[in-house]
Amino acid sequence: MNIADLQKKLLAAARANPPGDRVPYAFEKRVMALLVARAATDYLALWVRGLWRAAVSCAVIALLLGAWAFFNPTASTNADDLSQNFENTLLASVDQSDQAQ
Amino acid sequence: MEQTEADLIAAVLRGNAASFEPLVQRYSPRVFATARRYARRESEVEDIAQEVWLKAFEKLKSFRGEAPFEHWLMRLTVRTCYDFLRGHQRNRESPFSDLTEPENDWLERFVAQPETASENADAAKLLVERILERLSPPARLVITLLEIEDRSVKEIAQLTGWSVPLVKVRAFRARADMRKILAKMARDKYL
């Protein structure tokens with residue numbers, strides 16, 4: 001068997017029989033539906049990414065404020081005052097009723 | 001009035017996704033015909049065509065309009081088909097003992113009288129598909145583009161993104177690989 005001739009013959013057979021260009025029914029509708037679904041997924045991903053970024057920023061700010069409150073002595077005094085003031089305000093009505101009795 | 005291709009592309013890029021549909025409708029026959037050269041099952045052909053259009057939509061921003069849209073789309077199609085071939089390498093080592101009767105008959109006719117073996121026979125078409133399936137993905141791609149679709153080396157380089165010397169080297173190797181496969185088929189059948 002002449003291999004080179006067989007190769008030529010088979011390649012000629014492939015050239016003589018080009019594949020069909022038939023497109024399945026409503027193929028373009030299917031592609032458009034997929035594109036819409038993908039866009040919806042993209043919006044969701046965008047939101048999730050934004051929320052993650054916001055969460056990380058908030059965590060960093062909380063850590064910085066915590067460190068600032070921890071290492072700043074005046075801040076701790078202020079915090080005592082604040083808590084005392086808060087307690088006084090909250091219990092003011094009870095104190096008044098005690099004094100009245 | 002029918003919108004031109006450039007109008008449709010500009011509308012899609014402005015955010016009007018619906019303008020993409022006429023492009024899909026217009027060029028899908030070309031995409032399907034190309035995909036059918038590399039995939040045998042119709043479900044695989046549809047998957048390739050779908051992938052091509054999803055990629056085309058995503059990458060439409062990169063289309064600069066210097067060459068026709070069809071050329072850009074064909075580059076994308078050929079590259080998607082190549083990715084498909086790389087992901088679906090099967091039947092490359094199976095023996096040739098399972099040839100069908102018409103395929104065997106065609107080969108017998110070719111051995112006896114090569115000129116009587118018709119190139120239009122279905123058996124020849126099936127046989128060439130079997131041979132192509134046994135080639136490596138780059139060999140199959142280059143044989144299809146160069147020998148079957150009759151494209152120039154330069155065109156293949158543009159379609160595949162390979163350099164011109166690489167296309168030439170791969171074409172040389174692909175022809176040699178094809179001859180090796182044919183020789184193996186002859187051995188399996190006649191020894």
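For clarity, every value in this text was computed on a predicted model and none was experimentally measured. (Residues numbered from 1 in each chain as written. Chains lettered and ligands numbered in written order. Predicted model: local features only at pLDDT ≥ 70, side-chain atom pairs only at ≥ 80, totals over all residues.)

Draft legend 1. Spatial organisation of the overall build of chain B. Within chain B, the regular secondary structure consists of nine helices and zero strands. Its helices and strands taken in sequence order, chain B reads α-α-α-α-α-α-α-α-α from the N to the C terminus. Based on the C-alpha atoms only, the size of chain B along its principal axes is roughly 65 × 35 × 30 Å. Each of the 191 residues in chain B was classed as buried or not, and the buried ones make up 32%. (Helix = DSSP H or I, 4+ residues; strand = E, 2+ residues; numbered from the N terminus. Buried ≥ 20, exposed ≤ 12 C-beta atoms within 10 Å, placed from the backbone.)

Draft legend 2. Broad picture of the overall build of chain A. Looking only at helices and strands, one finds four helices and zero strands in chain A. Starting at the N terminus and walking to the C terminus, you meet the elements of chain A as α-α-α-α. A compact globule built from 101 residues would reach a C-alpha radius of gyration of about 13 Å, whereas chain A, at 38 Å, exceeds it by more than 25%. Taken over the C-alpha atoms alone, chain A extends approximately 120 × 35 × 15 Å along its principal axes. When the 101 residues of chain A are sorted by exposure, 8% land in the buried category. (Rg over C-alpha atoms; globule rule 2.2 N^0.38 Å.)

Draft legend 3. Spatial organisation of helix α2 (residues 27-71) of chain A. An ideal rise of 1.5 Å per residue puts 66 Å on 45 residues; α2(A) measures up with 66 Å between its terminal C-alpha atoms. The element α2(A) is largely exposed, with a buried count of one among its 45 residues. (Expected span 1.5 Å × (residues − 1).)

Draft legend 4. Spotlight on the domain arrangement of chain B. All names here are of chain B. Examined at the domain level, chain B breaks down into domain 1 (1-88) and domain 2 (93-191). Between domain 1 and domain 2, the C-alpha centre-to-centre distance is 28 Å. When grouped by side-chain class, the residues that make up the side of domain 1 that touches domain 2 number four nonpolar, no polar and five charged. (Domains from an automatic or database assignment. Nonpolar A, V, L, I, M, F, W, Y, C, P; charged D, E, K, R; others polar.)

Draft legend 5. Here's a closer look at the packing of helix α7 (residues 137-148) of chain B against helix α8 (residues 153-160) of chain B. Residue and element names in this part refer to chain B. At their nearest, the axes of α7 and α8 sit 10 Å apart, and the two run at 135 degrees to each other. When the axes of α7 and α8 are compared, the pair comes out oblique. Where α7 crosses over α8, the two elements pack in a sense that is right-handed. Of the residues in α8, those touching α7 at Leu141, Val142, Leu145 and Leu146 are Ile156, Leu159 and Thr160. (Axes fitted to C-alpha atoms, helices over the stretch in contact; angles between N-to-C directions. Parallel < 35°, antiparallel > 145°, perpendicular 65-115°, else oblique. Left-handed = near helix turned anticlockwise from the far one by under 90°. Contact = placed C-beta atoms within 7 Å.)

Draft legend 6. Seen up close, the interface of chain A and chain B. Between chain A and chain B, the contact holds 26 residues from the first and 35 residues from the second. When residues of the side of chain A that touches chain B are traced back to their parent elements, those giving at least two are α1 (3-16) and α2 of chain A. For the side of chain A that touches chain B, the element with the highest residue contribution is α1(A), accounting for 12 residues. Class assignment of the residues belonging to the side of chain A that touches chain B gives a composition of 17 nonpolar, three polar and six charged.

Draft legend 7. Structural view of the environment of A:Arg22. Its place among the elements puts A:Arg22 in the loop between α1 and α2. Along the backbone, A:Arg22 and A:Leu64 are 42 residues apart, and their C-alpha atoms lie at a distance of 64 Å.

Draft legend 8. How the structure looks around helix α4 (residues 69-87) of chain B. Residues and elements named next belong to chain B. Its 19 residues place the ends of α4 27 Å apart at the C-alpha level, agreeing with the 27 Å of an ideal helix rising 1.5 Å per residue. Of the positions making up α4, those classed as buried are Leu73, Leu76, Thr77, Val78, Thr80, Cys81 and Leu85. Contacts from the buried residues of α4 go to α2 (20-35), α3 (42-58), α7 and α8.

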